[in-house]
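Structural overview
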There are 2 protein chains.
Amino acid sequence: MAEENKKENKKIIIAVDAMGGDRAPDEIIKGCVEVFGLCDNLKIFLVGKEEIVARKLDEYKSRELNFDIEIIDAQEVILNNESPTWAIKNKKESSIVKGLNLVKEEEADGFVSAGSTGALLSCSTILLKRLPGISRPVLATLLPTINKNKFVMLLDSGANVDCKAIYLEQFAHMGYVYMKNIMKINNPRVGLINVGTENLKGNIVTKEAYELLSNSDLNFIGNVEARDILSGIADVLVCDGFVGNIILKNIEGMAKNIFGMLKNDIKKNIFRKLGGLLVKPAFVNLKKKFDYNEIGGAPFLGLNAIVVKIHGASDYRAVKNAIMQCVSFVKNDLKEKIKLVKA
Amino acid sequence: MAEENKKENKKIIIAVDAMGGDRAPDEIIKGCVEVFGLCDNLKIFLVGKEEIVARKLDEYKSRELNFDIEIIDAQEVILNNESPTWAIKNKKESSIVKGLNLVKEEEADGFVSAGSTGALLSCSTILLKRLPGISRPVLATLLPTINKNKFVMLLDSGANVDCKAIYLEQFAHMGYVYMKNIMKINNPRVGLINVGTENLKGNIVTKEAYELLSNSDLNFIGNVEARDILSGIADVLVCDGFVGNIILKNIEGMAKNIFGMLKNDIKKNIFRKLGGLLVKPAFVNLKKKFDYNEIGGAPFLGLNAIVVKIHGASDYRAVKNAIMQCVSFVKNDLKEKIKLVKA
């Protein structure tokens with residue numbers, strides 16, 4: 001295959017959506033420039049409004065520094081209220097459609113975007129194909145755990161709000177392959193998010209998924225309750241995209257609210273204020289742990305190509321990390337490993 | 001009705017499961033004794049092993065202090081692996097079955113238990129009837145918000161893991177009646193837990209529930225994302241019992257993990273340790289906010305009687321608060337108000 005060849009001999013080529021997200025194009029372009037300090041043999045297609053992107057790249061002296069960045073002009077933007085099917089036909093000049101087409105045409109190995117999750121997922125699924133044996137692509141998010149430098153992958157974290165049990169089994173398989181190959185975890189532990197640890201607990205879907213996972217050759221550790229998500233008990237946690245979205249946003253809200261409530265109470269008197277200053281580094285460290293910019297992007301797994309979604313409010317660090325993730329996927333041949341060909 | 005009469009002229013009578021929960025019977029009995037300091041015109045049936053309960057009551061000098069506590073002997077205990085249907089027939093001498101039968105026979109106005117949620121819910125539903133117009137009883141949990149002394153009611157927080165949209169509408173109605181009558185909130189704001197705020201977001205059930213709630217006469221404020229649960233944006237939040245359980249346990253886990261991570265980092269050097277001591281009151285206040293013992297119990301709403309479930313690890317404060325909740329339900333005639341007779 002052409003792609004296999006490319007992987008060994010040629011540069012790894014990542015297309016990046018310069019226009020998606022709240023802090024585009026500035027932070028996106030900054031991330032693309034900075035990643036060259038971390039990675040050799042890389043080429044980036046920056047997809048966006050040429051005049052804006054070019055001016056910004058000049059500011060970073062990208063040409064003088066010999067960074068291999070090529071601008072792909074894309075003058076259109078998909079709006080939130082536009083249907084992806086419509087956009088693919090009618091907004092061929094949008095950065096998402098152009099970027100994904102580069103991947104489809106095998107001009108690029110992967111695509112990174114901070115644009116709308118819905119548009120990115122739908123356009124990806126329509127333009128790129130699903131991998132053999134995979135019913136639904138899945139949004140896979142890495143979360144911090146209480147164990148230093150250990151992560152847990154939550155999937156589906158928002159792509160498919162209505163799921164069959166068999167999808168959950170496939171999500172588990174994809175998460176397992178990811179954590180083993182990219183995060184280098186030996187025989188990752190797979191858990192099923194459920195309302196109790198006993199094997200008969202759950203709703204219709206999780207009860208059936210429990211059976212499927214028990215009979216799979218994955219390292220299935222059983223049901224995991226929501227209080228243990230960050231406890232480090234599992235490396236991969238599966239649930240439907242509705243529950244996954246609830247979990248992610250609940251974690252985000254709790255982190256924010258707990259800090260907020262503590263801050264308000266600490267401000268109440270001078271002693272606490274002083275104490276607050278002294279413990280500030282601990283707060284900063286913890287905030288960093290929950291900062292998506294430090295973690296990078298969430299890949300859509302199960303597609304016949306690599307697409308990484310980054311948070312809409314991402315700064316350059318998230319862009320940099322997401323590109324590095326893409327590179328790692330290509331180098332580790334993740335796509336081939338995710339293919340699910342059942343005997 | 002006999003009950004209505006009782007409410008105005010007679011004592012309010014609450015049956016309490018002396019044997020359920022991890023800290024039974026000591027903390028349960030302590031709670032029952034202490035509640036007499038807060039409430040007149042109250043009688044308690046303490047349901048449990050007579051010899052144990054009597055000895056404990058003597059320790060608290062309950063007889064000398066003239067507390068109206070009557071022991072109802074119940075020698076059996078329902079085990080976790082026993083089916084409720086079986087237990088109702090074969091363990092008539094268990095504290096849950098005996099306590100619920102007191103309510104059924106209108107000997108008591110309500111029942112409080114820290115026993116297994118599953119057994120309590122199933123036995124309650126079988127022994128007591130559902131209220132007219134209510135398809136499923138619901139577990140309703142009060143959560144703290146970032147606004148001082150303001151709570152949000154989450155229902156279903158774990159009773160029904162598979163729900164139809166119509167159940168969610170009924171949950172909303174019950175939560176509304178509760179917050180209006182017990183928490184004295186004027187026209188409570190009802191939100192639907194969902195993956196996005198836009199009205200077309202969600203899975204099959206929430207999309208349909210959105211329609212039903214929009215057409216109801218409740219004060220429906222639309223979809224609420226999981227990051228806003230504690231933000232005080234709504235007084236009542238509805239979801240299915242699977243999602244509700246995930247949210248509750250995730251909040252519990254996050255509170256615990258964030259405190260744990262901060263503590264570990266604060267211990268790292270002497271300055272932070274000192275700072276930690278100074279801000280400790282703020283931590284204590286926040287912990288108190290998330291302490292179920294301070295909040296009390298979670299009622300099962302929609303039954304033809306009042307049943308309040310308290311956390312398995314509850315101490316006497318939760319028992320005391322749950323009994324006070326029961327008293328408030330009776331005084332405010334909550335049961336009659338929850339009846340859903342559609343025009």
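About the cut-offs
Residues numbered from 1 in each chain as written. Chains lettered and ligands numbered in written order. Predicted model: local features only at pLDDT ≥ 70, side-chain atom pairs only at ≥ 80, totals over all residues. Heavy atoms only, no water. Contact = heavy atoms within 4.5 Å. Buried area = accessible area lost by both parts, 1.4 Å probe. Salt bridge = Lys/Arg side-chain N within 4 Å of Asp/Glu carboxyl O. Phe/Tyr/Trp six-rings, centres within 6.5 Å; stacked < 30°, edge-to-face > 60°. Helix = DSSP H or I, 4+ residues; strand = E, 2+ residues; numbered from the N terminus. Buried < 20%, exposed > 50% of the residue type's maximum accessible area, 1.4 Å probe, protein only. Pairing = 2+ DSSP bridges.

1. Some details on the interface of chain B and chain A
Listed by partner, the interface residues are 49 residues for chain B and 49 residues for chain A. The contact between chain B and chain A buries some 4600 Å² in all, and 72% of this surface belongs to carbon and sulfur atoms. The largest contributions to the chain B side of the interface with chain A come from Arg227(B), Phe242(B) and Met261(B), which together make up 14% of the buried area. Notably, a salt bridge pairs Glu252(A) with Arg227(B), separated by 3.0 Å at the nearest N-O pair.

2. Considerations on the packing of aromatic side chains
Counted under the stated rule, the structure contains 8 aromatic pairs over all chains. Between Phe36(A) and Phe67(A), the aromatic rings sit 4.9 Å apart at their centres with planes inclined by 10°, giving stacked as the arrangement. In this pair, Phe36(A) is assigned in the loop between α2 (26-34) and β2 (42-48) and Phe67(A) in the loop between α3 (50-59) and β3 (69-73), connecting sequence segments 31 residues apart. You can call Phe36(A) buried: its relative accessible area is 14%. Residues Tyr178(B) and Phe329(B) carry aromatic rings whose centres are separated by 5.4 Å and whose planes lie at 75° to one another, so their mutual orientation is edge-to-face. With Tyr178(B) in helix α7 (residues 165-181) and Phe329(B) in helix α12 (residues 316-331), the pair connects residues that are 151 residues apart, well separated along the chain. Comparing Tyr178(B) with Phe329(B), the two get one shared label, buried.

3. Let's talk about helix α5 (residues 95-104) of chain A
All names here are of chain A. Counting buried positions along α5 gives 7 out of 10 residues, so the element sits mostly inside the fold. Here α5 has its buried residues at Ser95, Ile96, Val97, Gly99, Leu100, Leu102 and Val103. Positive backbone phi, approximately 60°, marks Glu106, located one or two places after α5.

4. Brief notes about the pairing of strand β5 (residues 138-144) of chain B
Residues and elements named next belong to chain B. Counting buried residues along β5, 7 of its 7 residues qualify, which places the element largely inside the surrounding structure. Across the two faces of β5 the burial is the same, with Val138, Ala140, Leu142 and Pro144 and Leu139, Thr141 and Leu143 all buried. Pairing of β5 with strand β10 (residues 298-301) involves 2 bridges; the strand directions are antiparallel. Bridge pairing in β10 links Val138 to Leu301. Where β5 meets strand β6 (residues 151-155), 5 bridges bridge the pair, whose relative direction is antiparallel. Considered in β6, the bridge of Pro144 is made with Phe151. Here β5 folds back onto β6, and the loop between the two strands holds 6 residues, one of which, Asn149, carries a positive phi near 60°.

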